[in-house]
Each structure stands twice: as structure tokens, then as C-alpha cells.
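# Fold and geometry: a report
Listed below are the residues making up each chain.
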Amino acid sequence: MYDETLPVVALIYDFDGTLSPGNMQEFSFIKALGMTSEEFWRRSNELTRNNDANGILCYMKLMLDEAQYRHISLKRESFQRFGREVEFYPGVAEWFSLVNGYGRAKGVAVRHYINSSGLKEMIEGTAIAREFENIYACSFLYDVDGKAVWPAVAVDFTTKTQFLFKINKGISSVSDNSEVNRYMREEERPVPFRRMIYFGDGQTDIPCMKMVRQNGGHSIAVYDPASAEKRRAAERLILEERVNFVCPADYREGGETYNVVTTIIDKMKYDYEFEQLLKKHREAAERENAGCA
């Protein structure tokens, strides 16, 4: 349970390559197909290129087609079983309670969200699924027998930015487009952009990372510590002013990522207290002037 009187700090994560070292389909689903990861993604990319299509929809269709051909169950529970095999970067399992505790000690409520082009059903099967306030990700439609038959939600880089506004306005529903477009005064929004921290590693994260940064929040480009190429790619994002920080994907206490995030939380708490002080003095002046009118 959250203390509703505390200011909210939202930590928003991509999944593949950010919390997990690779695409979630690669840990068990693609192996169940009897394919290599390289073969699966090559065929997905060919499907995308040959049809000038959306890459997210194409990988989802390929999953459906290949599973049906090989008689592999694609019920929601099956996806969740595949999700249990997903691996994580060092420290991820302990990260959430660690940061939540730090936030409480500083007087803020830390909430966690997923904003991913991966599969919601698989993420729901992982050991960390319960840590998230909401999981915004791709998902399937299911027939009367509970079998996946068609993409229901496809999350690409533009869709990800829409979910930031849903978090900003406190909207959990993916299908509700009326509330996300309804005017809401900035002070009424439960999660201001200036109290968001966005974690991402790839091209689909760049618009979100830049949007959060431009609106007063902070973005962190994470990279696989074992890959010099990925580190250089992440460092380009900070040089291009798309992110604020570049950190290795290591979430253990005392590491670079932990130190950056806790410092940001400190700043956000001080900024909130400063805002409240300004508000207090303005309201006092308004009352004094109203009494003299």
C-alpha cells in the first residue's frame, strides 16, 4: 500500500535489454520452436521488410504462425510459463524493494512501471511481475478456448510515448483513449513528468527518454556491461542530449545505477519541498491581499 500523502516518483522501464539481457522470446519460446534466435529474428525482419509492415506486428504474427505449425500451446498460461524462464541482469530481483525502501526513508512513494515492446503475458510470468504498478506492453487477443489468435496491442516507439501520458494522468487502461486526451491541469496529474525516471536501451526507447528529459524528468540509457559496442551506443545518446545518464545494466546496491537513481530521488524530494514552499508563500500572499480587498 502507498501513502497517498507522499509525492510519487515513477521509475519506468523498458524490459528487453534493460532489465533482461536479451529478448524475452529467446530464453524458452524460440527454443521450443526448435529455431535459433538468429533464425527467428531474421524471418521476422524479412516479413517486415517484404511487406513494408510494422516490425512489432510481424514478430507477433510469426510467433502465432510458428507455434501453430509446431502444435505449441499459446494460451495465456503458456506464455506465463515461458516468462518464468526469463533471466535478469545482476541485482534486478532485489532492486525494487531496495529502491522502495530508499524512497520511503526520503519521504517519497516509488512506483514502478513497464513500457515495453515485449509481451505482457510473458512479463506477467516473471518473478518480478508483482513489482509493477502497471505493465504496458504488447499482448494478444484470445478465442473462446483461450488460445492466442491475433495481436491485441502492439507497442512501438510512438505507442510508448502515449503510455507516458497515461502514467502522468494515472490511467491504467490501454484501450481508454478519451481520458488520456482529456485536459487535466498540471497540478492535478498524479505523476508529473519531472518526477519520472526512464530506463531504456534501444531505438524504441529514444522518444520516451527524450520526452521525459525535456519535461524535467531524468532518463538513463543502460547497456550490457559485457558489450563495448552497446556502451558506445548508449554514450552517443548522452552526447546527443537524449538522455541524462549512461549506466551499466547492473542494479546491485552501491553500483553506478543505484547511485544515480538514489541521487535523482534526493533531488526530486528537495524539488518537491521547494515547490511546496513556493506554494505556501503564494497562498499566504493571496489570502492577505484578499482580506485587504
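Please refer to the structure placed before this passage.
Thresholds applied
Residues numbered from 1 in each chain as written. Predicted model: local features only at pLDDT ≥ 70, side-chain atom pairs only at ≥ 80, totals over all residues. Heavy atoms only, no water. Helix = DSSP H or I, 4+ residues; strand = E, 2+ residues; numbered from the N terminus. Polar contact = N/O pair within 3.5 Å; in protein donor to acceptor, adjacent residues only side chain to side chain. Contact = heavy atoms within 4.5 Å. Phe/Tyr/Trp six-rings, centres within 6.5 Å; stacked < 30°, edge-to-face > 60°. Buried < 20%, exposed > 50% of the residue type's maximum accessible area, 1.4 Å probe, protein only.

Of note, lysine 160 is situated in helix α7 (residues 157–169). Of the polar contacts made by the side chain of lysine 160, one reaches the side chain of aspartate 14; its length is 3.1 Å. Those residues in contact with lysine 160 that sit more than four places away from it in its chain are Asp14, Asn115, Ser116, Ser117, Val155, Tyr198, Thr204, Asp205 and Cys208.

Aromatic rings in a pair are described by how distant their centres are and how their planes are angled relative to each other. Using the criterion set out here, one finds 15 aromatic pairs in the structure. Summarising the aromatic geometry, the rings of tyrosine 13 and phenylalanine 96 are spaced 5.9 Å apart at their centres and angled 70° between planes, so their arrangement reads as edge-to-face. Taken as a pair, tyrosine 13 in strand β1 (residues 8–13) and phenylalanine 96 in helix α5 (residues 92–106) lie far apart in primary sequence, 83 residues in all. As far as burial versus exposure is concerned, tyrosine 13 and phenylalanine 96 are alike and both buried. A centroid spacing of 4.9 Å and a plane angle of 90° characterise the contact between phenylalanine 40 and tryptophan 41, whose relative ring orientation is edge-to-face. The rings of Tyr13, Trp95, Phe96, Phe132, Phe199 and Tyr251 are connected pair by pair, giving a single aromatic cluster.

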